[in-house]
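# Summary of the model geometry
Take a look at the letters that make up each chain.
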Amino acid sequence: MREDVAVLVVDGVVREVSTSRAAVSGSPDVEHIDLGEVLLAPAFVDAHAHLELSGMRGRVPAGASFDDWIRKVIRARSERTASEIEDDTRHGVRRLLATGTTLVGDIDSSGAIALASRGTPLCVRRFREALDAGDTARTASVVNRVRTADVERERFCEGLSPHAPYTVSAELWRALGDVAREREWPVAIHFAETREEGEWLEHARGPLSSILAHSPRTSGLDAIERAGLLNPRTVLVHGNHATPAERERIRASGAGVVHCPGTHQFFGREPFDAEAWLRLGVPLALGTDSLASNDDLDMGRELALFAASHPTIAPEQSFAAATSSGAALLGLAGKYGEIRIGAQADFNTFDVGRARGKDALETLVRGAARLHETYASGCLVRL
(Lines give C-alpha, C1' and ligand atoms only; values in the text may rest on other atoms or scores of the structure.)
Protein backbone atom coordinates (compact mmCIF):
# COMPACT_ATOMS: atom_id res chain seq x y z
CA MET A 1 0.00 0.00 0.00
CA ARG A 2 1.40 3.39 -1.01
CA GLU A 3 0.24 6.88 -0.07
CA ASP A 4 -0.08 9.93 -2.31
CA VAL A 5 -0.02 7.89 -5.52
CA ALA A 6 -0.12 9.57 -8.92
CA VAL A 7 -1.13 7.62 -12.03
CA LEU A 8 -0.49 8.78 -15.60
CA VAL A 9 -3.10 7.54 -18.06
CA VAL A 10 -2.59 7.79 -21.81
CA ASP A 11 -5.26 6.53 -24.23
CA GLY A 12 -6.96 4.60 -21.46
CA VAL A 13 -3.81 2.74 -20.40
CA VAL A 14 -1.62 3.24 -17.32
CA ARG A 15 1.74 4.64 -18.42
CA GLU A 16 3.30 5.61 -15.08
CA VAL A 17 2.64 5.05 -11.39
CA SER A 18 4.50 7.18 -8.87
CA THR A 19 4.31 8.70 -5.41
CA SER A 20 5.14 12.04 -6.96
CA ARG A 21 2.74 14.06 -9.08
CA ALA A 22 5.69 15.83 -10.68
CA ALA A 23 7.13 12.51 -11.82
CA VAL A 24 4.11 11.80 -14.00
CA SER A 25 3.27 15.33 -15.12
CA GLY A 26 5.99 15.48 -17.81
CA SER A 27 4.00 17.65 -20.19
CA PRO A 28 1.91 20.80 -19.83
CA ASP A 29 -0.80 18.96 -21.78
CA VAL A 30 -1.43 16.53 -18.91
CA GLU A 31 -4.80 17.04 -17.25
CA HIS A 32 -4.59 16.75 -13.47
CA ILE A 33 -7.49 15.13 -11.63
CA ASP A 34 -7.33 15.23 -7.84
CA LEU A 35 -9.29 12.25 -6.50
CA GLY A 36 -9.04 13.50 -2.93
CA GLU A 37 -8.47 11.47 0.24
CA VAL A 38 -9.57 8.09 -1.05
CA LEU A 39 -8.26 4.57 -1.42
CA LEU A 40 -7.37 3.97 -5.06
CA ALA A 41 -7.74 0.29 -5.96
CA PRO A 42 -8.06 -1.81 -9.12
CA ALA A 43 -11.63 -2.22 -10.31
CA PHE A 44 -13.23 -5.54 -9.41
CA VAL A 45 -13.21 -8.57 -11.70
CA ASP A 46 -16.23 -10.89 -11.67
CA ALA A 47 -14.75 -14.18 -12.86
CA HIS A 48 -18.09 -15.99 -13.24
CA ALA A 49 -21.54 -14.63 -14.00
CA HIS A 50 -24.71 -15.47 -15.93
CA LEU A 51 -25.92 -11.97 -16.76
CA GLU A 52 -28.77 -13.23 -18.95
CA LEU A 53 -30.39 -14.55 -15.74
CA SER A 54 -30.44 -11.11 -14.13
CA GLY A 55 -34.25 -11.04 -14.24
CA MET A 56 -34.44 -14.04 -11.90
CA ARG A 57 -33.76 -12.32 -8.60
CA GLY A 58 -36.24 -13.56 -6.02
CA ARG A 59 -38.13 -15.65 -8.59
CA VAL A 60 -36.34 -18.97 -7.97
CA PRO A 61 -36.04 -20.12 -4.33
CA ALA A 62 -33.23 -22.51 -3.43
CA GLY A 63 -35.74 -25.32 -3.04
CA ALA A 64 -35.39 -28.66 -1.32
CA SER A 65 -32.73 -29.96 -3.71
CA PHE A 66 -30.40 -28.85 -6.50
CA ASP A 67 -32.40 -30.68 -9.18
CA ASP A 68 -35.55 -28.92 -7.95
CA TRP A 69 -33.82 -25.56 -8.32
CA ILE A 70 -32.61 -26.47 -11.83
CA ARG A 71 -36.17 -27.28 -12.91
CA LYS A 72 -37.40 -23.94 -11.58
CA VAL A 73 -34.66 -22.00 -13.36
CA ILE A 74 -35.36 -23.75 -16.67
CA ARG A 75 -39.08 -23.04 -16.31
CA ALA A 76 -38.59 -19.39 -15.34
CA ARG A 77 -36.12 -18.77 -18.15
CA SER A 78 -38.42 -20.36 -20.74
CA GLU A 79 -41.04 -17.76 -19.84
CA ARG A 80 -38.73 -14.86 -20.78
CA THR A 81 -38.80 -13.49 -24.34
CA ALA A 82 -35.60 -12.72 -26.24
CA SER A 83 -36.25 -9.02 -25.69
CA GLU A 84 -36.72 -9.54 -21.95
CA ILE A 85 -33.51 -11.59 -21.71
CA GLU A 86 -31.63 -8.79 -23.45
CA ASP A 87 -33.11 -6.26 -21.01
CA ASP A 88 -32.22 -8.56 -18.10
CA THR A 89 -28.64 -8.75 -19.36
CA ARG A 90 -28.45 -4.96 -19.62
CA HIS A 91 -29.62 -4.75 -16.01
CA GLY A 92 -26.78 -7.09 -15.03
CA VAL A 93 -24.24 -5.02 -16.95
CA ARG A 94 -25.40 -1.83 -15.24
CA ARG A 95 -25.34 -3.43 -11.79
CA LEU A 96 -21.78 -4.67 -12.24
CA LEU A 97 -20.59 -1.22 -13.30
CA ALA A 98 -22.54 0.49 -10.49
CA THR A 99 -20.76 -1.67 -7.92
CA GLY A 100 -17.24 -1.26 -9.28
CA THR A 101 -16.74 -4.22 -11.63
CA THR A 102 -15.28 -3.49 -15.07
CA LEU A 103 -14.37 -7.02 -16.24
CA VAL A 104 -16.65 -10.06 -16.21
CA GLY A 105 -16.45 -13.67 -17.35
CA ASP A 106 -20.02 -14.16 -18.55
CA ILE A 107 -21.62 -17.49 -19.45
CA ASP A 108 -23.83 -16.79 -22.46
CA SER A 109 -26.37 -19.09 -24.10
CA SER A 110 -28.50 -16.47 -25.85
CA GLY A 111 -26.12 -14.00 -27.47
CA ALA A 112 -27.61 -11.21 -25.37
CA ILE A 113 -24.36 -10.06 -23.77
CA ALA A 114 -22.88 -9.01 -27.13
CA LEU A 115 -25.72 -6.52 -27.56
CA ALA A 116 -26.21 -5.56 -23.91
CA SER A 117 -22.56 -4.65 -23.34
CA ARG A 118 -22.04 -2.74 -26.58
CA GLY A 119 -21.35 0.93 -25.94
CA THR A 120 -20.67 0.35 -22.23
CA PRO A 121 -17.29 0.40 -20.45
CA LEU A 122 -17.72 -3.18 -19.19
CA CYS A 123 -15.07 -5.54 -20.52
CA VAL A 124 -16.57 -8.96 -21.24
CA ARG A 125 -14.96 -12.35 -21.67
CA ARG A 126 -18.00 -14.07 -23.19
CA PHE A 127 -17.99 -17.84 -22.62
CA ARG A 128 -20.33 -19.43 -25.19
CA GLU A 129 -22.33 -22.04 -23.31
CA ALA A 130 -22.67 -25.50 -24.85
CA LEU A 131 -24.61 -28.56 -23.68
CA ASP A 132 -26.63 -31.39 -25.17
CA ALA A 133 -27.75 -33.14 -21.94
CA GLY A 134 -26.20 -36.33 -23.29
CA ASP A 135 -28.53 -36.33 -26.32
CA THR A 136 -26.24 -36.75 -29.34
CA ALA A 137 -29.07 -35.75 -31.71
CA ARG A 138 -28.46 -32.20 -30.44
CA THR A 139 -24.67 -32.26 -30.66
CA ALA A 140 -24.13 -31.01 -34.23
CA SER A 141 -26.40 -27.98 -33.84
CA VAL A 142 -24.72 -27.06 -30.54
CA VAL A 143 -21.27 -27.21 -32.14
CA ASN A 144 -22.40 -25.14 -35.14
CA ARG A 145 -23.77 -22.46 -32.82
CA VAL A 146 -20.61 -22.06 -30.75
CA ARG A 147 -18.43 -22.04 -33.88
CA THR A 148 -20.27 -18.94 -35.13
CA ALA A 149 -18.42 -16.36 -33.08
CA ASP A 150 -18.95 -12.61 -33.12
CA VAL A 151 -16.10 -10.43 -34.26
CA GLU A 152 -14.12 -9.50 -31.17
CA ARG A 153 -14.03 -5.81 -30.38
CA GLU A 154 -12.48 -3.52 -27.83
CA ARG A 155 -13.39 -4.76 -24.33
CA PHE A 156 -15.19 -7.84 -25.71
CA CYS A 157 -13.52 -11.20 -26.31
CA GLU A 158 -14.61 -14.80 -26.77
CA GLY A 159 -14.38 -18.01 -24.78
CA LEU A 160 -16.15 -21.37 -24.55
CA SER A 161 -18.20 -22.98 -21.77
CA PRO A 162 -19.01 -26.67 -21.92
CA HIS A 163 -21.72 -26.35 -19.26
CA ALA A 164 -20.82 -29.22 -16.94
CA PRO A 165 -19.68 -32.86 -17.14
CA TYR A 166 -23.23 -34.06 -16.45
CA THR A 167 -24.78 -32.10 -19.37
CA VAL A 168 -22.17 -32.73 -22.09
CA SER A 169 -21.99 -35.97 -24.09
CA ALA A 170 -18.68 -37.65 -24.98
CA GLU A 171 -19.23 -36.61 -28.60
CA LEU A 172 -19.79 -33.00 -27.65
CA TRP A 173 -16.75 -33.01 -25.35
CA ARG A 174 -14.56 -34.09 -28.30
CA ALA A 175 -15.99 -31.42 -30.59
CA LEU A 176 -15.70 -28.65 -27.99
CA GLY A 177 -12.12 -29.64 -27.24
CA ASP A 178 -11.38 -29.22 -30.94
CA VAL A 179 -13.08 -25.80 -31.06
CA ALA A 180 -11.21 -24.55 -27.99
CA ARG A 181 -7.86 -25.62 -29.45
CA GLU A 182 -8.59 -24.23 -32.92
CA ARG A 183 -9.65 -20.83 -31.59
CA GLU A 184 -7.27 -20.84 -28.61
CA TRP A 185 -10.21 -19.81 -26.46
CA PRO A 186 -10.20 -19.95 -22.67
CA VAL A 187 -12.75 -22.37 -21.25
CA ALA A 188 -15.10 -22.22 -18.23
CA ILE A 189 -16.75 -25.38 -16.87
CA HIS A 190 -19.08 -25.92 -13.89
CA PHE A 191 -17.37 -28.65 -11.87
CA ALA A 192 -18.04 -30.58 -8.64
CA GLU A 193 -20.69 -28.12 -7.50
CA THR A 194 -22.78 -30.71 -5.61
CA ARG A 195 -22.38 -34.26 -4.31
CA GLU A 196 -25.39 -35.25 -6.45
CA GLU A 197 -23.34 -34.40 -9.53
CA GLY A 198 -20.75 -37.05 -8.68
CA GLU A 199 -23.42 -39.66 -7.90
CA TRP A 200 -24.97 -39.21 -11.32
CA LEU A 201 -21.72 -39.01 -13.29
CA GLU A 202 -20.10 -42.10 -11.85
CA HIS A 203 -23.03 -44.27 -10.76
CA ALA A 204 -26.11 -43.07 -12.70
CA ARG A 205 -28.06 -42.57 -9.49
CA GLY A 206 -29.30 -39.82 -7.23
CA PRO A 207 -31.63 -36.83 -7.71
CA LEU A 208 -30.20 -35.78 -11.08
CA SER A 209 -31.54 -39.02 -12.58
CA SER A 210 -34.95 -37.34 -12.56
CA ILE A 211 -33.86 -34.70 -15.09
CA LEU A 212 -31.04 -36.43 -17.03
CA ALA A 213 -31.15 -39.59 -19.13
CA HIS A 214 -27.54 -40.35 -20.06
CA SER A 215 -24.85 -40.89 -17.42
CA PRO A 216 -21.27 -41.08 -18.73
CA ARG A 217 -20.29 -43.45 -15.87
CA THR A 218 -17.07 -41.52 -15.33
CA SER A 219 -15.81 -38.74 -13.10
CA GLY A 220 -16.29 -35.16 -14.22
CA LEU A 221 -12.56 -34.45 -14.15
CA ASP A 222 -11.85 -37.51 -16.30
CA ALA A 223 -14.37 -36.30 -18.88
CA ILE A 224 -12.77 -32.85 -18.95
CA GLU A 225 -9.28 -34.29 -19.25
CA ARG A 226 -10.22 -36.72 -22.03
CA ALA A 227 -11.45 -33.74 -24.05
CA GLY A 228 -8.02 -32.14 -23.63
CA LEU A 229 -9.51 -29.32 -21.61
CA LEU A 230 -7.72 -29.72 -18.30
CA ASN A 231 -5.03 -27.11 -18.87
CA PRO A 232 -3.98 -23.55 -17.91
CA ARG A 233 -6.67 -22.00 -20.14
CA THR A 234 -9.46 -23.70 -18.18
CA VAL A 235 -11.49 -22.21 -15.34
CA LEU A 236 -13.34 -24.70 -13.13
CA VAL A 237 -16.32 -23.06 -11.44
CA HIS A 238 -17.29 -24.06 -7.89
CA GLY A 239 -15.16 -27.16 -7.21
CA ASN A 240 -16.97 -27.57 -3.88
CA HIS A 241 -16.63 -31.34 -3.78
CA ALA A 242 -13.33 -31.97 -5.51
CA THR A 243 -11.40 -34.76 -3.80
CA PRO A 244 -7.80 -34.25 -2.60
CA ALA A 245 -6.59 -36.31 -5.58
CA GLU A 246 -8.62 -34.15 -7.97
CA ARG A 247 -7.23 -30.98 -6.43
CA GLU A 248 -3.72 -32.28 -7.04
CA ARG A 249 -4.55 -33.11 -10.67
CA ILE A 250 -5.97 -29.63 -11.15
CA ARG A 251 -2.86 -28.08 -9.62
CA ALA A 252 -0.63 -30.07 -11.95
CA SER A 253 -2.71 -29.03 -14.96
CA GLY A 254 -2.43 -25.28 -14.30
CA ALA A 255 -6.20 -24.80 -14.35
CA GLY A 256 -7.85 -22.35 -11.95
CA VAL A 257 -10.95 -22.35 -9.76
CA VAL A 258 -13.71 -19.77 -9.26
CA HIS A 259 -15.69 -19.63 -6.01
CA CYS A 260 -19.02 -17.79 -5.75
CA PRO A 261 -19.63 -16.89 -2.08
CA GLY A 262 -23.11 -15.45 -2.56
CA THR A 263 -24.37 -18.55 -4.34
CA HIS A 264 -22.71 -20.73 -1.72
CA GLN A 265 -24.67 -18.85 0.94
CA PHE A 266 -27.89 -18.96 -1.10
CA PHE A 267 -27.88 -22.76 -1.07
CA GLY A 268 -26.67 -23.02 2.54
CA ARG A 269 -23.75 -25.20 1.51
CA GLU A 270 -21.05 -26.56 3.79
CA PRO A 271 -17.94 -24.35 4.07
CA PHE A 272 -15.82 -23.96 0.95
CA ASP A 273 -12.24 -25.07 1.55
CA ALA A 274 -10.45 -22.15 -0.09
CA GLU A 275 -7.36 -22.79 2.02
CA ALA A 276 -6.91 -26.25 0.48
CA TRP A 277 -6.80 -24.78 -3.03
CA LEU A 278 -4.50 -21.93 -2.04
CA ARG A 279 -2.08 -24.21 -0.18
CA LEU A 280 -1.58 -26.14 -3.41
CA GLY A 281 -1.03 -22.94 -5.37
CA VAL A 282 -4.16 -23.33 -7.50
CA PRO A 283 -5.28 -19.92 -8.83
CA LEU A 284 -8.49 -18.93 -7.04
CA ALA A 285 -10.85 -16.14 -8.06
CA LEU A 286 -14.31 -14.96 -7.03
CA GLY A 287 -17.51 -14.56 -9.02
CA THR A 288 -21.13 -13.60 -8.46
CA ASP A 289 -22.80 -16.42 -10.42
CA SER A 290 -26.37 -15.36 -11.33
CA LEU A 291 -29.31 -13.63 -9.71
CA ALA A 292 -31.11 -16.95 -9.88
CA SER A 293 -28.84 -18.01 -7.00
CA ASN A 294 -27.62 -14.76 -5.48
CA ASP A 295 -29.07 -11.56 -4.06
CA ASP A 296 -26.77 -9.17 -5.91
CA LEU A 297 -24.04 -8.81 -8.55
CA ASP A 298 -21.84 -6.74 -6.23
CA MET A 299 -18.27 -8.05 -6.13
CA GLY A 300 -17.61 -5.96 -3.02
CA ARG A 301 -20.26 -8.05 -1.27
CA GLU A 302 -18.72 -11.28 -2.61
CA LEU A 303 -15.34 -10.20 -1.28
CA ALA A 304 -16.77 -9.40 2.15
CA LEU A 305 -18.59 -12.76 2.30
CA PHE A 306 -15.39 -14.55 1.34
CA ALA A 307 -13.28 -12.69 3.89
CA ALA A 308 -15.81 -13.32 6.66
CA SER A 309 -15.88 -17.06 6.00
CA HIS A 310 -12.08 -17.33 5.57
CA PRO A 311 -10.55 -15.18 8.34
CA THR A 312 -7.18 -16.94 8.12
CA ILE A 313 -6.63 -15.79 4.53
CA ALA A 314 -4.67 -12.53 4.32
CA PRO A 315 -6.60 -9.47 3.09
CA GLU A 316 -4.14 -9.10 0.20
CA GLN A 317 -4.91 -12.62 -1.00
CA SER A 318 -8.65 -12.17 -0.62
CA PHE A 319 -8.53 -8.89 -2.56
CA ALA A 320 -6.47 -10.53 -5.33
CA ALA A 321 -9.21 -13.16 -5.68
CA ALA A 322 -11.63 -10.34 -6.56
CA THR A 323 -9.25 -8.56 -8.93
CA SER A 324 -5.95 -9.77 -10.40
CA SER A 325 -6.58 -13.51 -10.00
CA GLY A 326 -9.88 -13.19 -11.83
CA ALA A 327 -8.25 -11.27 -14.68
CA ALA A 328 -5.57 -13.95 -14.98
CA LEU A 329 -8.15 -16.75 -15.13
CA LEU A 330 -9.99 -14.84 -17.85
CA GLY A 331 -6.80 -14.69 -19.92
CA LEU A 332 -6.25 -10.98 -19.30
CA ALA A 333 -3.44 -10.98 -16.74
CA GLY A 334 -1.66 -7.65 -16.47
CA LYS A 335 -4.41 -5.87 -18.42
CA TYR A 336 -7.15 -5.75 -15.75
CA GLY A 337 -7.37 -6.20 -11.99
CA GLU A 338 -4.16 -4.27 -11.30
CA ILE A 339 -2.89 -0.71 -11.34
CA ARG A 340 0.36 -1.17 -13.19
CA ILE A 341 2.12 0.09 -16.30
CA GLY A 342 0.48 -1.35 -19.41
CA ALA A 343 -2.83 -2.19 -17.73
CA GLN A 344 -6.15 -0.63 -18.61
CA ALA A 345 -6.81 2.33 -16.34
CA ASP A 346 -9.72 0.61 -14.59
CA PHE A 347 -9.92 1.48 -10.93
CA ASN A 348 -12.22 2.29 -8.05
CA THR A 349 -11.97 4.91 -5.34
CA PHE A 350 -13.24 4.13 -1.85
CA ASP A 351 -13.95 6.16 1.27
CA VAL A 352 -12.22 4.23 4.07
CA GLY A 353 -12.56 6.87 6.79
CA ARG A 354 -9.38 7.32 8.81
CA ALA A 355 -7.91 3.94 7.83
CA ARG A 356 -4.52 3.97 6.12
CA GLY A 357 -2.12 1.40 4.71
CA LYS A 358 -3.02 -2.20 5.48
CA ASP A 359 -5.93 -1.03 7.63
CA ALA A 360 -7.44 0.63 4.57
CA LEU A 361 -7.24 -2.59 2.58
CA GLU A 362 -8.74 -4.56 5.44
CA THR A 363 -11.58 -2.04 5.64
CA LEU A 364 -12.25 -2.59 1.94
CA VAL A 365 -12.02 -6.38 2.11
CA ARG A 366 -14.46 -6.73 4.99
CA GLY A 367 -17.04 -4.55 3.20
CA ALA A 368 -16.75 -1.48 5.43
CA ALA A 369 -15.53 0.89 2.70
CA ARG A 370 -17.89 2.98 0.59
CA LEU A 371 -17.42 2.85 -3.17
CA HIS A 372 -16.97 6.43 -4.34
CA GLU A 373 -16.23 6.35 -8.09
CA THR A 374 -15.33 3.85 -10.82
CA TYR A 375 -13.07 4.56 -13.77
CA ALA A 376 -12.76 2.46 -16.94
CA SER A 377 -9.93 3.19 -19.38
CA GLY A 378 -9.30 6.32 -17.35
CA CYS A 379 -12.83 7.70 -17.80
CA LEU A 380 -15.34 8.12 -15.00
CA VAL A 381 -18.13 5.56 -15.33
CA ARG A 382 -21.48 7.33 -15.55
CA LEU A 383 -24.67 5.29 -15.53
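Check the entry above for the structure.
Rules behind the numbers
Residues numbered from 1 in each chain as written. Predicted model: local features only at pLDDT ≥ 70, side-chain atom pairs only at ≥ 80, totals over all residues. Heavy atoms only, no water. Salt bridge = Lys/Arg side-chain N within 4 Å of Asp/Glu carboxyl O. Helix = DSSP H or I, 4+ residues; strand = E, 2+ residues; numbered from the N terminus. Pairing = 2+ DSSP bridges. Buried < 20%, exposed > 50% of the residue type's maximum accessible area, 1.4 Å probe, protein only. Contact = heavy atoms within 4.5 Å. Phe/Tyr/Trp six-rings, centres within 6.5 Å; stacked < 30°, edge-to-face > 60°. Lys NZ or Arg CZ within 6 Å of the ring centre and 35° of its normal. 1 Å grid on protein atoms, 1.4 Å probe; cavity = no way out; pocket = protein on both sides within 12 Å on 5 of 7 lines; lining within 4 Å. Points joined across faces, edges and corners; volume = space filled by probe spheres on them. Nonpolar A, V, L, I, M, F, W, Y, C, P; charged D, E, K, R; others polar. Core = buried A, V, L, I, M, F, W, Y, C linked by side-chain atoms within 4.5 Å.

What follows covers the pattern of salt bridges. In total, this model carries 24 salt bridges according to the counting rule given. The residue aspartate 178 makes a salt bridge to arginine 181 at a minimum N-O spacing of 2.9 Å. Of the two residues, aspartate 178 and arginine 181 both sit in helix H6 (residues 170–183), three residues apart, roughly one turn of that helix. Between arginine 249 and glutamate 225 there is a salt bridge whose closest N-O contact spans 2.5 Å. Of the two residues, arginine 249 is situated in helix H9 (residues 244–253) and glutamate 225 in helix H8 (residues 220–226); the sequence distance between them amounts to 24 residues. Through salt bridges that share partners, Asp108, Arg126, Arg128 and Glu158 make up one connected network.

Sheet architecture is open: four strands sit in the order S3-S12-S13-S14, paired in antiparallel fashion. For this open sheet the edge positions go to strand S3 (39–42) and strand S14 (379–380), each flanked by a neighbour on one side alone. Sheet topology places strand S13 (residues 370–376) next to S14; two bridges connect them, and they run antiparallel. Bridging from a neighbouring strand, tyrosine 375 pairs with leucine 380 of S14.

Here alanine 41 is to be found in strand S3. The buried category is assigned to alanine 41, whose relative accessible area is 4%. Placed 305 residues apart in sequence, alanine 41 and aspartate 346 show a C-alpha to C-alpha distance of 8.9 Å. Sequence-distant contacts of alanine 41, that is, excluding residues within four places in its chain, are made with Phe319, Ile339, Phe347, Asn348, Phe350 and Leu364.

In the structure shown here, the tally under the stated rule is six aromatic pairs. Seen in terms of ring centroids, phenylalanine 66 and phenylalanine 267 are 5.9 Å apart; in terms of plane orientation they differ by 70°. Their pairing is edge-to-face. Of this pair, phenylalanine 66 sits in helix H2 (residues 66–78) while phenylalanine 267 sits in the loop between helix H10 (261–266) and helix H11 (274–280), and the two are 201 residues apart along the sequence. With respect to class, phenylalanine 66 is no different from phenylalanine 267; both count as buried. The interplanar angle of 85° and the centroid separation of 5.2 Å between the aromatic rings of tryptophan 69 and phenylalanine 267 together place this pair among those described as edge-to-face. Within this pair, whereas tryptophan 69 is found in helix H2, its partner phenylalanine 267 is found in the loop between H10 and H11, the two being separated by 198 residues in sequence. Take tryptophan 69 and phenylalanine 267: they sit in the same class, and that class is buried. Three or more aromatic residues joined by ring pairs form one cluster here, namely Phe66, Trp69, Phe266 and Phe267. Here the basic side chain of arginine 153 rests over the ring of phenylalanine 156, its NZ or CZ set 4.4 Å away from the ring centre. We note arginine 247 situated over the ring of tryptophan 277; from NZ or CZ to the ring centre the distance is 5.4 Å.

For the rest of this paragraph, the subject is the layout of surface pockets. Counted as a void, the largest pocket has a volume near 1600 Å³. Lining the largest pocket we find 50 residues, and of these Val5, Ala6, Val7, Leu35 and Leu40 sit closest to its centre. Where the lining of the largest pocket is concerned, the elements lending two or more residues are strand S1 (6–10), helix H1 (21–25), S3, helix H13 (315–321), strand S12 (347–351) and helix H15 (358–365). Top element by residues in the lining of the largest pocket is S1. It accounts for five residues. By residue class, the composition of the lining of the largest pocket is 27 nonpolar, nine polar and 14 charged. What lines the second largest pocket is a set of 28 residues, among which Ile70, Val73, Ile74, Glu129 and His163 lie closest to the centre.

Core analysis: the biggest nonpolar cluster contains 53 residues, and Ile250 and Leu364 have the highest contact counts within it. Ranked by residues supplied to this core, first place goes to H6 with six residues. With 18 residues, the next largest nonpolar core counts Ala47, Ile107, Val237 and Leu330 among its residues.

Attention now moves to empty space enclosed by the protein. On inspection of all chains with the given rule, the structure shows one cavity of 30 Å³ or more. Taken as a whole, the largest cavity encloses approximately 40 Å³ of empty space. Taken together, the residues that form the lining of the largest cavity break down as four nonpolar, three polar and two charged.

Here we take up the pairing of S12. Taken across its five residues, S12 has four buried, putting it largely inside the fold. In this structure, S3 lies alongside S12, joined through four bridges in antiparallel fashion. Paired with leucine 40 across the strands is threonine 349, a residue of S12. Pairing of S12 with S13, which is carried by five bridges, proceeds in the antiparallel orientation. Of the residues in S13, the one forming a bridge with phenylalanine 347 is tyrosine 375.

The subject of this paragraph is unusual backbone geometry. Positive phi, close to 90°, is recorded for histidine 238, a residue that is not glycine. When you line up the elements, histidine 238 lands in strand S9 (residues 234–238).

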